[in-house]
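# Reading the structure
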Amino acid sequence: MRILRTKAEIRQAIAEARARGPVPATDASPSDASGRTVAARPLRVALVPTMGYLHEGHLTLVDRARELADLVVLSIFVNPLQFGPGEDLDRYPRDLDRDVALAAARGVDLVFAPDATEVYPGGDPAVQIVPLRLADRLCGAFRPGHFQGVLTIVAKLFLIVGPDVAIFGQKDYQQAVLVRRMVEDLDLPVRIEVAPIVREPDGLAMSSRNVYLDPEERERARAIPRGLDLAVRAFRAGETDPRRLVEIVRDELAAVPGIRPQYVELVHPDSLEPVDVANPGAVLAVAAFVGGTRLIDNVILR
(Lines give C-alpha, C1' and ligand atoms only; values in the text may rest on other atoms or scores of the structure.)
Protein backbone atom coordinates (compact mmCIF):
# COMPACT_ATOMS: atom_id res chain seq x y z
CA MET A 1 0.00 0.00 0.00
CA ARG A 2 1.20 3.49 -0.84
CA ILE A 3 0.46 6.75 1.00
CA LEU A 4 0.25 9.75 -1.30
CA ARG A 5 0.04 13.36 -0.16
CA THR A 6 -0.30 15.40 -3.36
CA LYS A 7 -2.73 15.55 -6.26
CA ALA A 8 0.10 14.97 -8.71
CA GLU A 9 1.19 11.79 -6.90
CA ILE A 10 -2.28 10.23 -6.76
CA ARG A 11 -3.00 11.07 -10.39
CA GLN A 12 0.29 9.55 -11.51
CA ALA A 13 -0.23 6.39 -9.43
CA ILE A 14 -3.69 5.83 -10.89
CA ALA A 15 -2.58 6.61 -14.43
CA GLU A 16 0.23 4.06 -14.10
CA ALA A 17 -2.17 1.43 -12.73
CA ARG A 18 -4.65 2.03 -15.53
CA ALA A 19 -1.87 1.78 -18.09
CA ARG A 20 -0.84 -1.61 -16.72
CA GLY A 21 -4.40 -2.96 -16.66
CA PRO A 22 -5.59 -5.87 -14.48
CA VAL A 23 -5.09 -8.77 -16.93
CA PRO A 24 -3.16 -8.11 -20.14
CA ALA A 25 -4.56 -9.87 -23.20
CA THR A 26 -2.45 -12.90 -24.20
CA ASP A 27 -2.82 -15.96 -26.42
CA ALA A 28 -4.30 -17.66 -23.36
CA SER A 29 -6.99 -15.01 -22.90
CA PRO A 30 -10.64 -16.09 -23.33
CA SER A 31 -12.08 -16.08 -26.84
CA ASP A 32 -15.53 -14.96 -28.00
CA ALA A 33 -17.94 -17.04 -30.08
CA SER A 34 -16.07 -16.25 -33.30
CA GLY A 35 -12.75 -17.37 -31.85
CA ARG A 36 -11.28 -13.89 -31.46
CA THR A 37 -9.24 -13.23 -28.34
CA VAL A 38 -11.15 -11.13 -25.82
CA ALA A 39 -9.08 -8.18 -24.69
CA ALA A 40 -8.65 -7.58 -20.98
CA ARG A 41 -11.23 -5.22 -19.50
CA PRO A 42 -10.09 -1.80 -18.30
CA LEU A 43 -8.92 -1.44 -14.73
CA ARG A 44 -11.72 -0.45 -12.35
CA VAL A 45 -10.90 2.09 -9.65
CA ALA A 46 -12.98 2.54 -6.48
CA LEU A 47 -12.82 5.55 -4.17
CA VAL A 48 -13.79 5.48 -0.49
CA PRO A 49 -13.87 9.12 0.70
CA THR A 50 -13.38 9.55 4.48
CA MET A 51 -12.33 12.11 7.03
CA GLY A 52 -10.21 9.50 8.77
CA TYR A 53 -10.30 8.09 12.29
CA LEU A 54 -11.45 4.89 10.65
CA HIS A 55 -13.84 2.43 12.22
CA GLU A 56 -15.51 -0.77 11.06
CA GLY A 57 -18.14 1.22 9.20
CA HIS A 58 -15.46 2.75 6.98
CA LEU A 59 -13.76 -0.60 6.56
CA THR A 60 -16.93 -2.27 5.32
CA LEU A 61 -16.97 0.41 2.60
CA VAL A 62 -13.47 -0.76 1.71
CA ASP A 63 -14.71 -4.35 1.59
CA ARG A 64 -17.45 -3.35 -0.83
CA ALA A 65 -14.94 -1.40 -2.91
CA ARG A 66 -12.77 -4.51 -3.16
CA GLU A 67 -15.75 -6.43 -4.54
CA LEU A 68 -16.43 -3.82 -7.20
CA ALA A 69 -12.99 -2.74 -8.34
CA ASP A 70 -9.40 -3.77 -8.98
CA LEU A 71 -7.75 -0.75 -7.32
CA VAL A 72 -9.08 0.72 -4.06
CA VAL A 73 -8.27 4.31 -3.14
CA LEU A 74 -9.13 5.57 0.33
CA SER A 75 -8.98 9.32 0.89
CA ILE A 76 -8.40 10.81 4.34
CA PHE A 77 -9.11 14.52 4.57
CA VAL A 78 -10.86 16.52 7.28
CA ASN A 79 -12.60 19.00 5.01
CA PRO A 80 -12.81 22.48 6.59
CA LEU A 81 -15.46 23.62 4.10
CA GLN A 82 -18.12 21.40 5.63
CA PHE A 83 -17.69 22.63 9.20
CA GLY A 84 -19.67 25.66 10.31
CA PRO A 85 -18.73 28.23 12.97
CA GLY A 86 -18.52 26.64 16.40
CA GLU A 87 -18.45 23.08 15.04
CA ASP A 88 -15.76 20.53 15.89
CA LEU A 89 -13.19 21.07 13.11
CA ASP A 90 -10.27 21.63 15.49
CA ARG A 91 -11.06 18.69 17.75
CA TYR A 92 -12.26 16.25 15.11
CA PRO A 93 -10.34 13.01 15.87
CA ARG A 94 -7.25 12.41 13.74
CA ASP A 95 -4.73 9.57 13.78
CA LEU A 96 -3.15 8.98 10.38
CA ASP A 97 -0.78 6.20 11.50
CA ARG A 98 -3.69 4.23 12.96
CA ASP A 99 -5.78 4.82 9.85
CA VAL A 100 -2.99 3.67 7.54
CA ALA A 101 -2.54 0.46 9.52
CA LEU A 102 -6.27 -0.31 9.40
CA ALA A 103 -6.47 0.49 5.69
CA ALA A 104 -3.49 -1.70 4.86
CA ALA A 105 -4.94 -4.63 6.81
CA ARG A 106 -8.18 -4.33 4.84
CA GLY A 107 -6.53 -4.32 1.43
CA VAL A 108 -6.52 -0.66 0.43
CA ASP A 109 -4.09 -0.05 -2.44
CA LEU A 110 -3.62 3.72 -2.23
CA VAL A 111 -4.25 6.16 0.62
CA PHE A 112 -4.65 9.76 -0.48
CA ALA A 113 -4.03 11.96 2.57
CA PRO A 114 -3.49 15.56 1.47
CA ASP A 115 -3.39 18.57 3.76
CA ALA A 116 -5.68 21.58 3.40
CA THR A 117 -3.17 23.67 1.46
CA GLU A 118 -2.84 20.90 -1.13
CA VAL A 119 -6.60 20.62 -1.61
CA TYR A 120 -7.36 24.35 -1.33
CA PRO A 121 -4.11 26.13 -2.24
CA GLY A 122 -5.79 29.52 -2.37
CA GLY A 123 -7.90 29.07 0.74
CA ASP A 124 -11.65 28.65 0.40
CA PRO A 125 -12.29 28.16 -3.33
CA ALA A 126 -14.10 30.92 -5.17
CA VAL A 127 -16.10 28.32 -7.12
CA GLN A 128 -17.97 25.71 -5.13
CA ILE A 129 -20.79 23.21 -5.69
CA VAL A 130 -23.93 24.81 -4.30
CA PRO A 131 -26.86 22.40 -3.80
CA LEU A 132 -30.35 23.85 -4.09
CA ARG A 133 -33.15 21.38 -3.43
CA LEU A 134 -32.48 18.49 -1.06
CA ALA A 135 -29.96 20.49 1.02
CA ASP A 136 -32.40 22.74 2.87
CA ARG A 137 -33.95 20.04 5.06
CA LEU A 138 -32.88 17.44 7.65
CA CYS A 139 -29.22 18.16 8.49
CA GLY A 140 -29.06 20.97 5.96
CA ALA A 141 -31.69 22.97 7.82
CA PHE A 142 -29.43 23.11 10.88
CA ARG A 143 -25.99 23.21 9.22
CA PRO A 144 -26.11 25.93 6.56
CA GLY A 145 -23.30 25.55 4.04
CA HIS A 146 -22.46 22.02 5.20
CA PHE A 147 -23.51 20.23 2.04
CA GLN A 148 -21.94 22.89 -0.14
CA GLY A 149 -18.64 21.95 1.50
CA VAL A 150 -19.38 18.23 1.18
CA LEU A 151 -20.24 18.35 -2.52
CA THR A 152 -17.29 20.61 -3.31
CA ILE A 153 -14.75 18.21 -1.80
CA VAL A 154 -16.45 15.15 -3.27
CA ALA A 155 -16.43 16.73 -6.73
CA LYS A 156 -12.75 17.60 -6.31
CA LEU A 157 -11.93 14.03 -5.24
CA PHE A 158 -13.82 12.63 -8.23
CA LEU A 159 -11.81 14.89 -10.56
CA ILE A 160 -8.49 14.13 -8.85
CA VAL A 161 -8.91 10.36 -8.56
CA GLY A 162 -11.20 9.66 -11.52
CA PRO A 163 -12.90 6.63 -9.92
CA ASP A 164 -15.28 4.31 -11.72
CA VAL A 165 -17.22 3.79 -8.50
CA ALA A 166 -17.37 5.61 -5.16
CA ILE A 167 -18.65 4.06 -1.96
CA PHE A 168 -20.61 5.99 0.68
CA GLY A 169 -22.36 4.91 3.86
CA GLN A 170 -26.09 4.93 4.58
CA LYS A 171 -25.56 6.61 7.96
CA ASP A 172 -24.98 9.89 6.10
CA TYR A 173 -28.14 9.31 4.09
CA GLN A 174 -28.76 12.89 3.00
CA GLN A 175 -25.14 13.19 1.89
CA ALA A 176 -25.44 10.06 -0.24
CA VAL A 177 -28.64 11.36 -1.87
CA LEU A 178 -26.99 14.69 -2.68
CA VAL A 179 -23.85 13.08 -4.07
CA ARG A 180 -25.90 10.80 -6.29
CA ARG A 181 -27.95 13.77 -7.50
CA MET A 182 -24.79 15.78 -8.19
CA VAL A 183 -23.44 12.91 -10.29
CA GLU A 184 -26.70 12.71 -12.24
CA ASP A 185 -27.15 16.46 -12.73
CA LEU A 186 -23.53 17.13 -13.75
CA ASP A 187 -23.15 13.91 -15.80
CA LEU A 188 -20.12 12.78 -13.80
CA PRO A 189 -18.90 9.34 -14.95
CA VAL A 190 -18.95 7.77 -11.48
CA ARG A 191 -21.18 5.02 -10.13
CA ILE A 192 -22.37 5.73 -6.57
CA GLU A 193 -22.74 2.78 -4.22
CA VAL A 194 -24.33 3.15 -0.76
CA ALA A 195 -23.45 0.55 1.86
CA PRO A 196 -25.62 -0.28 4.90
CA ILE A 197 -25.04 1.19 8.35
CA VAL A 198 -22.67 -0.76 10.57
CA ARG A 199 -23.61 -0.76 14.24
CA GLU A 200 -21.80 -1.28 17.51
CA PRO A 201 -22.86 -4.31 19.60
CA ASP A 202 -25.11 -1.97 21.61
CA GLY A 203 -26.87 -0.78 18.44
CA LEU A 204 -25.24 2.63 18.13
CA ALA A 205 -24.38 3.53 14.55
CA MET A 206 -20.61 3.55 14.11
CA SER A 207 -19.23 7.09 13.86
CA SER A 208 -15.88 8.76 14.38
CA ARG A 209 -17.68 11.14 16.74
CA ASN A 210 -18.65 8.31 19.11
CA VAL A 211 -15.23 8.80 20.68
CA TYR A 212 -16.54 12.05 22.18
CA LEU A 213 -19.10 10.19 24.33
CA ASP A 214 -18.23 9.37 27.92
CA PRO A 215 -19.64 6.08 29.32
CA GLU A 216 -22.80 7.74 30.68
CA GLU A 217 -23.46 9.55 27.42
CA ARG A 218 -22.82 6.37 25.49
CA GLU A 219 -25.52 4.63 27.50
CA ARG A 220 -27.94 7.49 26.83
CA ALA A 221 -27.15 7.46 23.11
CA ARG A 222 -28.51 3.92 22.83
CA ALA A 223 -31.98 5.48 22.96
CA ILE A 224 -31.51 6.62 19.34
CA PRO A 225 -31.25 3.18 17.71
CA ARG A 226 -33.73 1.83 20.26
CA GLY A 227 -36.33 4.39 19.22
CA LEU A 228 -35.74 3.64 15.54
CA ASP A 229 -36.11 -0.07 16.20
CA LEU A 230 -39.40 0.46 18.04
CA ALA A 231 -40.73 2.47 15.10
CA VAL A 232 -39.69 -0.23 12.64
CA ARG A 233 -41.45 -2.84 14.74
CA ALA A 234 -44.60 -0.72 14.73
CA PHE A 235 -44.39 -0.34 10.95
CA ARG A 236 -44.04 -4.08 10.49
CA ALA A 237 -47.05 -4.55 12.75
CA GLY A 238 -49.11 -2.39 10.39
CA GLU A 239 -48.60 1.23 11.52
CA THR A 240 -48.47 3.52 8.46
CA ASP A 241 -49.09 6.92 10.04
CA PRO A 242 -45.80 8.88 9.77
CA ARG A 243 -46.78 11.06 12.73
CA ARG A 244 -47.15 8.00 14.94
CA LEU A 245 -43.82 6.51 13.85
CA VAL A 246 -42.06 9.82 14.50
CA GLU A 247 -43.80 10.07 17.87
CA ILE A 248 -42.55 6.60 18.86
CA VAL A 249 -38.94 7.72 18.29
CA ARG A 250 -39.45 11.07 20.04
CA ASP A 251 -41.07 9.40 23.06
CA GLU A 252 -38.10 7.05 23.42
CA LEU A 253 -35.64 9.94 23.26
CA ALA A 254 -37.70 12.04 25.68
CA ALA A 255 -37.57 9.24 28.25
CA VAL A 256 -33.78 9.58 28.51
CA PRO A 257 -32.32 12.70 30.15
CA GLY A 258 -29.46 14.42 28.34
CA ILE A 259 -30.72 13.83 24.78
CA ARG A 260 -31.84 16.83 22.73
CA PRO A 261 -33.45 15.82 19.42
CA GLN A 262 -32.74 18.17 16.53
CA TYR A 263 -35.10 16.44 14.13
CA VAL A 264 -37.00 13.19 13.71
CA GLU A 265 -38.57 12.86 10.26
CA LEU A 266 -39.97 10.21 7.94
CA VAL A 267 -39.07 11.17 4.38
CA HIS A 268 -39.15 9.94 0.80
CA PRO A 269 -35.88 8.15 -0.06
CA ASP A 270 -35.16 10.33 -3.11
CA SER A 271 -36.82 13.70 -2.57
CA LEU A 272 -36.30 13.74 1.23
CA GLU A 273 -39.75 15.33 1.49
CA PRO A 274 -41.97 14.29 4.41
CA VAL A 275 -44.34 11.50 3.41
CA ASP A 276 -48.09 11.29 4.05
CA VAL A 277 -48.11 7.50 4.39
CA ALA A 278 -45.33 5.23 5.62
CA ASN A 279 -44.49 2.85 2.79
CA PRO A 280 -41.56 0.46 2.34
CA GLY A 281 -38.48 2.42 1.29
CA ALA A 282 -39.28 5.54 3.32
CA VAL A 283 -36.42 6.74 5.52
CA LEU A 284 -36.84 7.49 9.21
CA ALA A 285 -34.02 9.89 10.09
CA VAL A 286 -32.83 11.30 13.41
CA ALA A 287 -30.33 13.89 14.55
CA ALA A 288 -29.85 14.45 18.27
CA PHE A 289 -27.34 15.88 20.70
CA VAL A 290 -26.13 13.62 23.46
CA GLY A 291 -24.34 15.98 25.77
CA GLY A 292 -22.33 18.12 23.37
CA THR A 293 -22.07 15.46 20.65
CA ARG A 294 -24.34 15.53 17.63
CA LEU A 295 -25.25 12.07 16.35
CA ILE A 296 -27.24 11.07 13.28
CA ASP A 297 -28.93 7.78 12.46
CA ASN A 298 -31.62 6.39 10.20
CA VAL A 299 -33.48 3.29 9.11
CA ILE A 300 -35.10 2.42 5.80
CA LEU A 301 -38.57 0.94 6.36
CA ARG A 302 -38.78 -2.57 4.94
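Predicted, not measured: the structure shown is a model, and the values here were computed from it.

### Focus on the overall build of the protein chain
- Within the protein chain, the secondary structure is distributed over 10 helices and nine strands.
- Its C-alpha atoms give the protein chain a radius of gyration of 21 Å, within 12% of the compact-globule value 19 Å for 302 residues.
- The C-alpha extent of the protein chain, read off along each of the three principal axes, is 70 × 50 × 35 Å.
- Taken across its 302 residues, the protein chain has 50% of its residues classed as buried.
- In the protein chain, 70% of the contacts between residues at least 6 apart in sequence involve partners at least 24 apart.

### Structural notes on the confidence of the model for the protein chain
- Overall, the prediction assigns the protein chain a mean pLDDT of 94, with 94% of residues at 70 or greater.
- Across residues 26-30, confidence stays below pLDDT 50; counting only partners more than four residues off in sequence or on other chains, it has seven contacts.

### Points about helix α9 (residues 223-236)
- Relative to the 20 Å expected for 14 residues at 1.5 Å per residue, α9 spans 20 Å between its end C-alpha atoms, a close match to the ideal helical length.
- Those residues of α9 that fall on the buried side of the exposure criterion are A223, I224, P225, G227, L228, A231, V232, A234 and F235.
- Looking at the buried side of α9, the elements it contacts are α8 (215-221), α10 (242-254), β7 (259-267), β8 (283-290) and β9 (293-300).

### Some words on the sheet that holds β7
- Spatially, three strands are ordered β7-β8-β9 in an open sheet, and the strand pairing comes out antiparallel. Two strands bound the open sheet, and with one partner strand each, they are β7 and β9. Ignoring strand direction, the axes of neighbouring strands in this sheet form an average angle of 15°.
- The sheet contact formed by β8 and β9 spans eight bridges and is antiparallel. Each residue of the ladder has a partner; that of A288, found in β9, is L295.
- Across the sheet, α10 is in contact with β7 and β8; its angle to β7 comes to roughly 160°.

### Brief notes about unusual backbone geometry
- Even without being a glycine, Y53 presents a positive backbone phi close to 50°.
- Inspection of the secondary structure assignment puts Y53 in the loop between β2 (45-50) and α2 (56-68).
- For Y53, a relative accessible area of 23% gives the class partly exposed.
- Even without glycine at this site, L134 takes up a positive phi of about 80°.
- On the secondary structure map, L134 appears in the loop between α4 (116-119) and α5 (139-142).
- L134 gets classed as buried once you look at its relative accessible area, which sits at 8%.

### Side note on the pattern of salt bridges
- Counted by the stated rule, this structure contains 24 salt bridges.
- In this structure, D88 and R209 form a salt bridge, with 2.9 Å as the shortest nitrogen-oxygen distance. In this pair, D88 is assigned in the loop between β3 (71-76) and α3 (96-105) and R209 in the loop between β6 (191-195) and α8, connecting sequence segments 121 residues apart. Comparing D88 with R209, the two get one shared label, buried.
- Across the pair D136 and R137 runs a salt bridge whose closest N-O atoms are separated by 2.9 Å.
- With a relative accessible area of 48%, D136 lands in the partly exposed category.
- Each member of the salt-bridge network shares a partner with another, and the members are R64, E67, R191 and E193.

### Comments concerning the layout of surface pockets
- The space that makes up the second largest pocket amounts to roughly 360 Å³.
- What lines the second largest pocket is a set of 18 residues, among which R199, P225, D229, N298 and V299 lie closest to the centre.
- Of all the secondary-structure elements, those providing two or more residues to the lining of the second largest pocket are α9 and β9.
- Examining the composition of the lining of the second largest pocket, we find that seven residues originate from one element, α9, more than from any other.
- Split by residue class, the lining of the second largest pocket holds seven nonpolar, three polar and eight charged.

### Here we look at the side chain of Q262
- In this fold, Q262 is placed in strand β7.
- On the basis of relative accessibility, which here comes to 19%, the residue Q262 falls in the buried class.
- Here the side chain of Q262 touches R294 through a polar contact of 2.8 Å, side chain to side chain.
- Not counting residues up to four positions away in its chain, the partners in contact with Q262 are F142, A287, A288, F289 and R294.

Procedures and definitions
- Residues numbered from 1 in each chain as written.
- Predicted model: local features only at pLDDT ≥ 70, side-chain atom pairs only at ≥ 80, totals over all residues.
- Heavy atoms only, no water.
- Helix = DSSP H or I, 4+ residues; strand = E, 2+ residues; numbered from the N terminus.
- Rg over C-alpha atoms; globule rule 2.2 N^0.38 Å.
- Buried < 20%, exposed > 50% of the residue type's maximum accessible area, 1.4 Å probe, protein only.
- Contact = heavy atoms within 4.5 Å.
- pLDDT = per-residue confidence, 0-100.
- Expected span 1.5 Å × (residues − 1).
- Pairing = 2+ DSSP bridges.
- Axes fitted to C-alpha atoms, helices over the stretch in contact; angles between N-to-C directions.
- Salt bridge = Lys/Arg side-chain N within 4 Å of Asp/Glu carboxyl O.
- 1 Å grid on protein atoms, 1.4 Å probe; cavity = no way out; pocket = protein on both sides within 12 Å on 5 of 7 lines; lining within 4 Å.
- Points joined across faces, edges and corners; volume = space filled by probe spheres on them.
- Nonpolar A, V, L, I, M, F, W, Y, C, P; charged D, E, K, R; others polar.
- Polar contact = N/O pair within 3.5 Å; in protein donor to acceptor, adjacent residues only side chain to side chain.

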